[in-house]
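Chain by chain, the residues:
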Amino acid sequence: MPGNPPMTELVPKHLHSASSTAPPSAKIQVRQLNFYYGPTLALKNVDFDVITNAVTALIGPSGCGKTTFLRTLNRMNDQVPGARAEGQVLLDGTDIHGPDVDVTALRRRVGMVFQKSNPFPKTIRENVAFGLRIAGIRDQFVIEEAVEESLRLAALWDEVKDNLDGLALQLSGGQQQRLCIARALAVKPDVLLMDEPASALDPISTGKIEELIEDLKSRYTIVIVTHNMQQAARISEYTGFFYMGELIEYGPTLKIFTTPAEKRTEDYVTGRFG
Amino acid sequence: MTHVSTDSAIISDLSPTDAGGVSLAAPILSGRKSRLLRKLSLLPILTGILTLCVVLMLVIILWNIVAGGIGGLTWEFLTANPTEGMTKGGIFPAIFGTVFLVILMTIFAIPVGVATAIFLRYYAKPDSRMARLVRVAVNNLAGVPSIVFGLFGLGFFVQFVGRGIDKAFYGGGLAFGQPAIIWASLTLAVLTLPVVIVTTEEAMRAIPRDYIEASYALGATRWQTIWRVVIPNSLSGILTGGILAVSRGAGEVAPIMFTGAAYYLPYLPAKLNDQFMELGYHVYVLSTQSPDVEKTLPLLYSTVLVLLLLTFALNALAVLIRMRLRMRYAG
């Protein structure tokens, strides 16, 4: 990974104040991003630095553009007819909209977990192995190793190790979502994008996902969209507040939730609207 | 699922006049009530009677065929050649020819049909001129009378492609430039293509968008997504399309009568350019071309019964597969 300065190691893992001495390094730098669905402007002039090996939460009312923003980070919006991005999204300094960027390679580096768990109707093993197989890895040994490692990382291994050939759709909702996380981790991404990964889960499963995110952030840069203020406050170091397609405020989570600079941010995080 | 939504659409279409129809409700409550009610109750009776007519027709046809054909349905009938000017013996060559024909047809129709469905759904822009053109072509293909396919097959496959092959590879000798099972099966494949395309596209539409997104998010290319997610998840649909195509193709006579079906053959087709006997065509032959139609009548009944059983069995199989497909995505 070129362009990744070694200062990452100096940055404290839990940044609750902007007053730390060494500036944290940015994994993804978004500059003047405008995003259109056909004629509709969905994101207006967004500047955003996603900090390396930290959890960044995106909050805001429904339809504010936070999911759209998340999906521009691995160009999943390419799939949407008529969608168009302007501006720069730099991953380790390289513009992901550049002409020689291989979008499949980009998505292997910037993985994604969706709101609704979406394992393939295949076995648990084949779900995790999917990304490796499409990357052209055929060595069964390598695949077995990666399956186990990914399932361990996703805290699912102990629950499914005796049932790897069982169907993924027979797992519980929370297990399915962790399987999707394992599947995303198997291709060894640097960044993990999560679109309300726990919104469809019960509190216990949600707790497990949050613990998992806590464990993962030492190794991965995580961006998570959430509707749950407490969740954003619990798990993230940085928070960005979106409203009507604009990034209203972005900063350390503690600051956003305690002393926001903007009135609209305060109104939202205290539950006065949204 | 489509049925439910259609029904509810109809209900919602009607409900405004029912619910908001204060003007309608008033006369019902007044003196004209009985006349209106009589009118209304006449409709279910009328439609019921007409429905009964349809069912009755089907029962009469089936009863007639089963009663007339079941007696002649022996092991010998299924396994022997026709003898004595087709007034005795069996229909084995026709059964064999039918099976051979539809297998060949499937081999041609399924890859082309699936490829067309993939193109329409995943490569063509949904409303592009090209996609619309293909859709119009497919819909029109489904509406072309089958005798036209027969003449098309004769003109295009036999006389143009077949003769062309003969000129190029056989020095003008007669090998492929004559009616043969390959031309008949290709003609049938063109005829049944719309069925395969439509059922495959329907199956692909049923695949949850989530699967496709998951695949792309893991770095899959479009083709990898099609090959590893779309096709495996629409296999039952493709299979259903294949079976519906077979059950449609197995009963067609017009497309094959000029392109390869034979009146009688002392041998079974073994090469692609052999002619063949076929059940539907055999029925036609027995009922119109035999020197003594009276004598062939029992054989005719049994042949029709075999053809019907074959078609019904294939349709039942298609329904079963489709039910399993629905159940899989219901949960």
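Caption draft 1: Examining the sheet that holds strand E4 (residues 83-91) of chain A more closely. All names here are of chain A. The 4 strands lie next to each other as E2-E1-E4-E5, forming an open sheet whose pairing is antiparallel. At either end of the open sheet lies a strand with only one pairing partner, and these are strand E2 (40-51) and strand E5 (94-95). As paired elements, strand E1 (residues 26-37) and E2 share 8 bridges and run antiparallel to each other. Bridge assignment links Ala 26 to a residue of E2, and that residue is Ile 51.

Caption draft 2: How the structure looks around the confidence of the model for chain A. Within chain A, residue pLDDT values average 88, and 91% of them lie at 70 or more. Taken as a whole, residues 1-21 of chain A scores under 50 in pLDDT and shows 31 contacts with residues more than four places along the chain or in a different chain.

Caption draft 3: Just the interface of chain B and chain A, in detail. Contacts between chain B and chain A engage 14 residues on the former and 20 residues on the latter. Contributing elements (two or more residues each) for the side of chain B that touches chain A: helix H9 (209-217) and helix H10 (222-233) of chain B. At 6 residues, H9 of chain B tops the list of elements feeding residues into the side of chain B that touches chain A. Classifying every residue of the side of chain B that touches chain A by side-chain character gives 7 nonpolar, 4 polar and 3 charged.

Caption draft 4: Structural view of the sheet that holds strand E8 (residues 221-225) of chain A. Residues and elements named next belong to chain A. Spatial ordering of the open sheet is given by E6-E7-E8-E3-E9-E10, a layout of 6 strands whose pairing is mixed. In this open sheet, the two edge strands, each paired with only one partner strand, are strand E6 (110-113) and strand E10 (246-252). The sheet shows a mean angle of 15° between the axes of neighbouring strands, taken without regard to direction. When strand E3 (residues 55-59) meets E8, the two strands line up parallel, connected through 4 bridges. Across the sheet, the residue bridging to Thr 56 is Val 223, located in E8. Together, E6 and strand E7 (191-195) form the strand contacts of helix H6 (residues 173-186), whose direction differs from that of E6 by roughly 170°.

Caption draft 5: Representation of the packing of helix H7 (residues 146-169) of chain B against helix H8 (residues 181-206) of chain B within the structure. All names here are of chain B. Interaxial distance between H7 and H8 falls to 9 Å at its minimum, and their mutual angle equals 135°. One element, H7, and the other, H8, form an angle in the oblique class. Both H7 and H8 take part in a crossing whose hand is right-handed. Residues Ser 146, Phe 149, Gly 150, Gly 153, Phe 157, Val 158 and Gly 162 of H7 touch H8, and the partners they reach there are Trp 183, Leu 186, Thr 187, Val 190 and Leu 191. Among the residues making up the contact of H7 with H8, the classes are represented as 7 nonpolar, 5 polar and no charged.

Caption draft 6: Structural detail: the domain arrangement of chain B. All names here are of chain B. Assigned domains of chain B: these are domain 1 (23-72) and domain 2 (75-330). Summarising the inter-unit geometry, the C-alpha centres of domain 1 and domain 2 are found 37 Å apart. Across the boundary between the two partners, domain 1 contributes 6 residues, which contact 8 residues of domain 2. Taken together, the residues of the side of domain 1 that touches domain 2 sort by class into 3 nonpolar, 3 polar and no charged.

Caption draft 7: Inspection of the environment of Thr 79 of chain B at higher detail. All names here are of chain B. By the element assignment, Thr 79 lies in helix H4 (residues 75-79). A sequence separation of 12 residues divides Thr 79 from Ile 91, and the C-alpha atoms of the two residues are 6.9 Å apart. Not counting the four nearest positions on each side in its chain, Thr 79 is found in contact with Gly 90 and Phe 92.

Caption draft 8: Looking closely at the environment of Glu 145 of chain A. All names here are of chain A. One can find Glu 145 in helix H4 (residues 140-153). Among the residues examined, Glu 145 registers 11 C-beta atoms within 10 Å and is labelled exposed. For Glu 145 and Ala 186, which are 41 residues apart along the polypeptide, the C-alpha to C-alpha distance reads 9.9 Å.

Caption draft 9: Region of the structure containing unusual backbone geometry. Residues and elements named next belong to chain A. Despite not being glycine, Asn 45 has its phi angle at roughly 50°, a positive value. Tracing the backbone through its elements, the reader meets Asn 45 in strand E2. Its 14 C-beta neighbours within 10 Å are what place Asn 45 among the partly exposed residues. Residues other than glycine seldom take positive phi values, yet Met 244 does so here, at roughly 50°. Within the element layout of this structure, Met 244 appears in the loop between strand E9 (238-243) and E10.

Caption draft 10: Helix H3 (residues 124-134) of chain A, seen in detail. The element H3 of chain A is extensively covered by neighbouring structure, given that 9 of its 11 residues are classed as buried. Within H3 of chain A, the full set of buried residues consists of Ile 124, Glu 126, Asn 127, Val 128, Ala 129, Phe 130, Gly 131, Leu 132 and Ile 134 of chain A. Looking at the buried side of H3 of chain A, the elements it contacts are H4, helix H5 (157-160) and H6 of chain A together with H10 of chain B. Where H3 of chain A ends, the next residue or the one after it, Gly 136 of chain A, has phi of about 90°, a positive value.

Caption draft 11: Representation of helix H7 (residues 203-216) of chain A within the structure. All names here are of chain A. Helix length check: H7, at 14 residues, gives a terminal C-alpha distance of 20 Å against a target of 20 Å (1.5 Å per residue), a fit within 8%. Every buried residue of H7 is accounted for by Ile 209, Leu 212, Ile 213 and Leu 216. The arc enclosing the buried residues of H7, seen along the axis, measures out at 100°, which places them on a common side. Of the exposed residues in H7, those oriented more than 90 degrees away from the buried face are Pro 203, Ile 204 and Glu 211. In this structure, the buried residues of H7 make contact with E3, H4, H6, E7, E8 and helix H8 (229-235).

Caption draft 12: Molecular detail of the nonpolar core. Counting 148 residues, the largest nonpolar core has Ala 182, Leu 192, Leu 193, Ile 222 and Val 223 of chain A together with Leu 101 of chain B as the members making the most contacts within it. Broken down by element, this core gets its largest block of residues, 15 residues, from H8 of chain B.

Caption draft 13: How the structure looks around the packing of helix H5 (residues 92-123) of chain B against H8 of chain B. All names here are of chain B. For the pair H5 and H8, the least separation of the axes is 6 Å and the interaxial angle reads 40°. Considered as vectors, H5 and H8 are oriented oblique to each other. Remark: the crossing between H5 and H8 carries right-handed chirality. Class assignment of the residues belonging to the contact of H5 with H8 gives a composition of 21 nonpolar, 5 polar and 2 charged.

Caption draft 14: Here's a closer look at the pairing of E7 of chain A. Residue and element names in this part refer to chain A. Counted residue by residue, E7 has 5 buried out of 5 residues, so it is predominantly covered. The two faces of E7 match: Val 191, Leu 193 and Asp 195 on one face and Leu 192 and Met 194 on the other face are all buried. Both E6 and E7 contribute to a ladder of 4 bridges, which runs parallel. Each residue of the ladder has a partner; that of Gly 111, found in E7, is Leu 192.

Caption draft 15: Structural view of the pairing of E3 of chain A. Residue and element names in this part refer to chain A. Burial runs high along E3: 5 of the 5 residues are buried. Side chains Val 55, Ala 57 and Ile 59 project from E3 onto one buried face, and the interleaved Thr 56 and Leu 58 project onto a second face that is buried too. The pairing of E3 with E9 spans 4 bridges and is classified as parallel. By the bridge assignment for E9, Ile 59 is matched with Phe 241.

About the criteria used
Residues numbered from 1 in each chain as written. Chains lettered and ligands numbered in written order. Predicted model: local features only at pLDDT ≥ 70, side-chain atom pairs only at ≥ 80, totals over all residues. Pairing = 2+ DSSP bridges. Helix = DSSP H or I, 4+ residues; strand = E, 2+ residues; numbered from the N terminus. pLDDT = per-residue confidence, 0-100. Contact = placed C-beta atoms within 7 Å. Nonpolar A, V, L, I, M, F, W, Y, C, P; charged D, E, K, R; others polar. Axes fitted to C-alpha atoms, helices over the stretch in contact; angles between N-to-C directions. Parallel < 35°, antiparallel > 145°, perpendicular 65-115°, else oblique. Left-handed = near helix turned anticlockwise from the far one by under 90°. Domains from an automatic or database assignment. Buried ≥ 20, exposed ≤ 12 C-beta atoms within 10 Å, placed from the backbone. Expected span 1.5 Å × (residues − 1). Arc of directions from axis to C-beta. Core = buried A, V, L, I, M, F, W, Y, C linked by C-beta atoms within 7 Å.

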